[in-house]
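Fold and contact review
Each chain, written out:
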Amino acid sequence: MREILTKFKNGELTLEEVEKKLKLSHLDEIEKLYKLDFNRKSRVGVPEVVYGGGKKIEDIAKILFKLAENNGIALATRVNDIEKVVKLLNNMKNIDKFTIDVNEMAKTISLTKKNYKIDSIGKIGIITAGTSDIPVAEEAKEAAKLMGCEVLKAYDVGIAGIHRITKPLKKMIDEDVYCIIVVAGMEGALPSVVASLVDIPVIGVPTSTGYGIKETPLLAMLHSCAPGLAVVNIDNGFGAGIFAGLLVYNIYKRL
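These notes cover the structure that comes with them. Residue numbers here run from 1 along each chain, matching the order of that chain's written sequence. Side-chain atom pairs in this predicted model are given and counted only at pLDDT of 80 or more, local residue features only at pLDDT of at least 70, and totals for whole chains, interfaces and linings cover all residues. To get the side-chain values, all heavy atoms of the structure are used, and hydrogens and water are removed first.

**A word on the pairing of strand β5 (residues 98-103)**
Defined as follows: At least two DSSP bridges between two strands are required for those strands to pair. In DSSP terms, a helix is any run of H or I states spanning at least four residues, a strand is any run of E spanning at least two, and both are numbered starting from the N terminus.
Where β5 meets strand β6 (residues 108-113), six bridges bridge the pair, whose relative direction is antiparallel. Within the sheet, the bridge partner assigned to T99 lies in β6 and is T112. A loop of four residues connects β5 with β6, the two strands running antiparallel in sequence, and K107 in this loop sits at a positive phi of about 60°.

Rendered as structure tokens:
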């Protein structure tokens, strides 16, 4: 809401445009199935994001285009048939006004108007214990970028070779990151280690990487004795990235 009112004050939006954006009923519908919530970012600080799992590729492409057309940017996560969705997007009318960005590792697609710019709000760090955790970390990165965060990454620095964490962690602290997302599978110990070394919030993301029971890293993180550690669900890189973005944004808007 603050962003909309600021744009009105600066003459970037008319009164009619402001009124339209502030209406809670600012919705659209695709094929009487998908209800698109264009006003979500104004209400809660996070734009609507397309969860690709279980959706038809045609619907993912249509929703992405409609959201980007109205909001300036749109993100789809957990997209299994990325090439097919991109092909459909490229065949849409006026697609030349948009930029398509694909992160195959994260299984994400973002669609952005060429004149649209996300305001930079601050830096966060993302760390993984192993290389098998990178897809979840990359999803977190794309979500955090959508929120306006600059991301510093350090991958494959887990406790099997704990000395690897020192250099990237020092760099992140020197760069004044506001929080650090730590992604780990196996026994899920790395978030506790990081939280014991820094004075900023740490967001633990347990992954399904490893042998045996997949709940182990989640339970380990939830039972951490290191203060300052919050935990999201297994493989929820998106949730971690959005949480980090909201944390940074609420600091940024008070500066």
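We are not done yet, so read on.
**Observations concerning the packing of aromatic side chains**
The description of an aromatic ring pair uses the distance of the two centres, along with the angle that the planes make with each other. Threshold: Here the aromatic set is Phe, Tyr and Trp, taking the six-membered ring for Trp, and pairing holds for ring centres within 6.5 Å; pairs whose planes are under 30 degrees apart are stacked, those over 60 apart are edge-to-face, and all others are tilted.
In the structure shown here, the tally under the stated rule is one aromatic pair. Here F65 and F98 contribute two aromatic rings whose centre-to-centre distance is 5.1 Å and whose plane-to-plane angle is 50°, an arrangement assigned as tilted. Of the two residues, F65 is situated in helix α4 (residues 57-71) and F98 in strand β5; the sequence distance between them amounts to 33 residues.

**Quick word on the side chain of N103**
We apply this condition: Here the term buried applies to any residue with accessible area under 20% of the maximum for its type, exposed to any over 50%, and partly exposed to those in between, with areas from a 1.4 Å probe on protein chains only. Polar contacts here mean pairs of N or O atoms no more than 3.5 Å apart (in protein, one a potential hydrogen donor and the other a potential acceptor; neighbouring residues in sequence count only if both atoms are side-chain atoms). Any two residues having at least one pair of non-hydrogen atoms within 4.5 Å are treated as being in contact.
Mapped onto the secondary structure, N103 falls in strand β5. When its relative accessible area of 9% is taken as the criterion, N103 is described as buried. At 2.9 Å, the side chain of N103 and the backbone nitrogen of A106 are in polar contact. Not counting chain neighbours up to four residues away, the residues in contact with N103 comprise I82, T108, E138, K141 and E142.

**Let's talk about the pairing of strand β4 (residues 73-77)**
The buried count for β4 comes to five of five residues, which makes it a mostly enclosed element. Here β4 shows a buried face lined by I73, L75 and T77 and a second buried face lined by A74 and A76. Pairing of strand β3 (residues 50-51) with β4 involves two bridges; the strand directions are parallel. Directly across from Y51, in β4, lies its bridge partner T77.

**Here we look at the sheet that holds β3**
Overall, mixed pairing links the four strands, which are arranged β3-β4-β6-β5 in an open sheet. The open sheet has two edge strands, β3 and β5, and neither has a second partner.

**Considerations on the packing of α4 against helix α5 (residues 82-90)**
A pair of packed helices can be characterised by two numbers: the angle between their axes and the separation between those axes. For the record, the criterion: Axis geometry follows a simple rule: fit a line to the C-alpha atoms, using only the stretch in contact for helices, then measure angles between N-to-C directions, giving values from 0 to 180 degrees. Relative orientations are named as follows: roughly parallel for angles under 35 degrees, roughly antiparallel for angles over 145 degrees, roughly perpendicular for angles from 65 to 115 degrees, and oblique for any other angle. Crossings are sorted by hand: turned counterclockwise from the far helix by less than a right angle, the near helix makes the crossing left-handed, and turned clockwise it makes it right-handed. When residue character is reported, Ala, Val, Leu, Ile, Met, Phe, Trp, Tyr, Cys and Pro are called nonpolar, Asp, Glu, Lys and Arg charged, and the others, Gly included, polar.
Here α4 crosses α5 at 50°, and the two axes come no closer than 9 Å. By the angle class used here, α4 and α5 are oblique. The way α4 lies across α5 gives a crossing that is right-handed. Of the residues in α5, those touching α4 at I57, E58, I60, A61 and L64 are K84, V85, L88 and L89. Split into classes, the residues belonging to the contact of α4 with α5 amount to seven nonpolar, no polar and two charged.

**Some remarks on the sheet that holds strand β11 (residues 229-231)**
Read from one edge of the open sheet, five strands run β8-β7-β9-β10-β11, paired in parallel fashion. Strand pairing shows two members of the sheet lacking a second neighbour, β8 (149-154) and β11, which therefore form its edges. Across the sheet, the axes of successive neighbouring strands diverge by a mean angle of 25°, strand direction being ignored. Pairing of strand β9 (residues 180-184) with strand β10 (residues 202-206) involves five bridges; the strand directions are parallel. Following the sheet pairing, I180 is matched in β10 by V202. Along the sheet face, helix α6 (residues 134-146) touches β7 (122-128), β8, β9 and β10 and points at about 160° away from the line of β8. Helix α10 (residues 237-252) rests against β7, β8, β9 and β10 of the sheet, and its axis sits at about 170° to β10.

**What about a nonpolar patch on the surface?**
What counts is decided by this rule: Patch rule: a residue counts if its relative accessible area is over 30% and it has no salt bridge; like charges are joined within 9 Å, and nonpolar side chains (Val, Leu, Ile, Met, Phe, Trp, Tyr) within 5 Å. Areas reported as accessible are Shrake-Rupley estimates using a 1.4 Å probe. Residue values count occlusion only from the protein chains shown. What makes a salt bridge here is a side-chain nitrogen of Lys or Arg within 4 Å of a carboxyl oxygen of Asp or Glu, nothing more.
On the surface, I251, Y252 and L255 cluster together to form a nonpolar patch covering roughly 300 Å² of accessible area. With respect to the helices, strands and loops of the structure, Y252 is situated in helix α10.

**Remarks on the environment of F98**
The class of F98 is buried, set by a relative accessible area of 8%. Sequence separation between F98 and K167 is 69 residues, and the spatial gap between their C-alpha atoms is 38 Å. Leave out the neighbours within four places in its chain, and F98 touches F65, A68, E69, L111, T112, K113 and K114.

**Digging into the pattern of salt bridges**
Applying the stated criterion across every chain yields a total of nine salt bridges. Note that K145 is salt-bridged to E142, the shortest N-O span being 3.8 Å. Remark: E142 and K145 occur in helix α6; sequence separation between them is three residues, near one turn of the helix. With a relative accessible area of 39%, K145 lands in the partly exposed category. R164 is the salt-bridge partner of D156, the closest N and O atoms lying 3.4 Å from each other. Assessed through its relative accessible area of 28%, R164 is described here as partly exposed. Three or more residues joined by partner-sharing salt bridges are found here, namely E138, K141, E142, K145 and K153.

Honestly, it's all geometry; don't read function into it.
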